[in-house]
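What the coordinates show
Listed here are the chains, written in short residue letters.
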Amino acid sequence: MSNLAEAYSWINLRYLLEGLWVTIEVSVISIVLSFIFGSILGIIRYVRFPFLSAIVGFIIDLIRNLPLLLLLFFTYFGLPKIGIKMEPLSAAIAAMTVFESAMIAEIVRSGIQAVDTGQMEGARSVGMTYWQGLRVIVLPQAMKKMIPPLVSQFISLIKDTSLATIIVLPELLYRAQIIYGQNTRYMIPMFIALAVMYFVVCYALSLVASGLERRTS
C-alpha cells in the first residue's frame, strides 16, 4: 500500500496529467486537421477527377499501407536532413495528420458510396447542380453512416499518440516511463493509471459519438 501511495503522490499524478494534456492536445489537433484534409481527399477520390483522383488514390493507398511509426521517424528524423526541422509536438501532429487523413479519406469515400444513387438523381431532377446535390443531399446522409467508423478511427488515433514517445514527445506514456524509471516499484501502478486515463478519454469520445448518432438518426 505504501508503494501505491508513493506512486500516486500528487507530484506524480500532476506530472501524468500534464502528459495527458499533451496527449489530448495532439489528438484534438490531429483529429480536426485529418478530418478536414481526409474529407477533401475522400471527395476528390469519389468524384473521379481525371488524373487527380488517380494520383490522390495512389497516395492514399501508399500512406495507408505504411506503419505510423515509420511516418513519425521520417517526420522527426528524416525531414531535418532536407532542412525541415520540427519540434516533437509538431512532428507528432504532422505525422498523425498525414496518416489519419488517408484513413479518413477512405471512410468518407465509402460513406458517400453507401448513399443510394437515386438521391443524387433526385437532386439533379429538381434543378440542383452536381455539387449542390453532393453538399446538400448526399453528404449529410453519408455523414450518418460515417460516424461509427470515424469514431473508431479517432479512438485509435488517441491510443496511437503513445507511439510518439519514440520521438521524445512528453505525452502520457513517456511521462509514465520517466516515473517508473526512477523507481521500478511504480511500474504496475503507472500501467494502471495509464489504462484508466486512456479509458476515460476514449470512452468519453465514444459517448459523444453515440449522442451524435442518436440525434442524427
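1. Let's talk about the environment of M146
Among the structural elements, M146 can be located in helix 7 (residues 130–160). Judged by its relative accessible area of 2%, M146 is buried. As a C-alpha pair, M146 and S110 span 36 residues in sequence and 8.3 Å in three-dimensional space. Excluding residues that lie within four positions of it along the chain, M146 makes contacts with I107, V108 and G111.

2. Brief notes about the nonpolar core
In terms of nonpolar packing, the biggest core is built from 21 residues, with V26, L72, A92, F99, A164, I167 and L169 touching the most fellow members. Breaking this core down by element, the ones donating at least two residues are helix 2 (10–47), helix 3 (52–64), helix 4 (68–78) and helix 5 (88–113). Broken down by element, the residue count for this core peaks at 9 residues, all from helix 5. Beyond its immediate stretch of four places on either side in the chain, V26 contacts L89, A92, I93, M96, T161 and L169. Grouped together as the second largest cluster of nonpolar side chains are 16 residues, I31, V47, I112 and M146 included.

3. A word on helix 4
Residues separated by three or four positions in an α-helix point in the same direction, a consequence of the helix having 3.6 residues per turn. All buried positions along helix 4 are accounted for by L68, L71, L72 and T75. Buried residues of helix 4, seen end-on, are gathered within an arc of 100° and therefore sit on one face of the element.

4. Considering the layout of surface pockets
Considered as a void within the structure, the largest pocket measures approximately 180 Å³ in volume. As for the largest pocket, its lining consists of 11 residues, of which I147, L150, V151, F154 and L212 are closest to the centre. When contributions to the lining of the largest pocket are tallied by element, the ones reaching two or more residues are helix 7 and helix 9 (187–216). For the lining of the largest pocket, the class distribution of residues is 10 nonpolar, 1 polar and no charged.

What counts and what doesn't
Residues numbered from 1 in each chain as written. Predicted model: local features only at pLDDT ≥ 70, side-chain atom pairs only at ≥ 80, totals over all residues. Heavy atoms only, no water. Helix = DSSP H or I, 4+ residues; strand = E, 2+ residues; numbered from the N terminus. Buried < 20%, exposed > 50% of the residue type's maximum accessible area, 1.4 Å probe, protein only. Contact = heavy atoms within 4.5 Å. Core = buried A, V, L, I, M, F, W, Y, C linked by side-chain atoms within 4.5 Å. Arc of directions from axis to C-beta. 1 Å grid on protein atoms, 1.4 Å probe; cavity = no way out; pocket = protein on both sides within 12 Å on 5 of 7 lines; lining within 4 Å. Points joined across faces, edges and corners; volume = space filled by probe spheres on them. Nonpolar A, V, L, I, M, F, W, Y, C, P; charged D, E, K, R; others polar.

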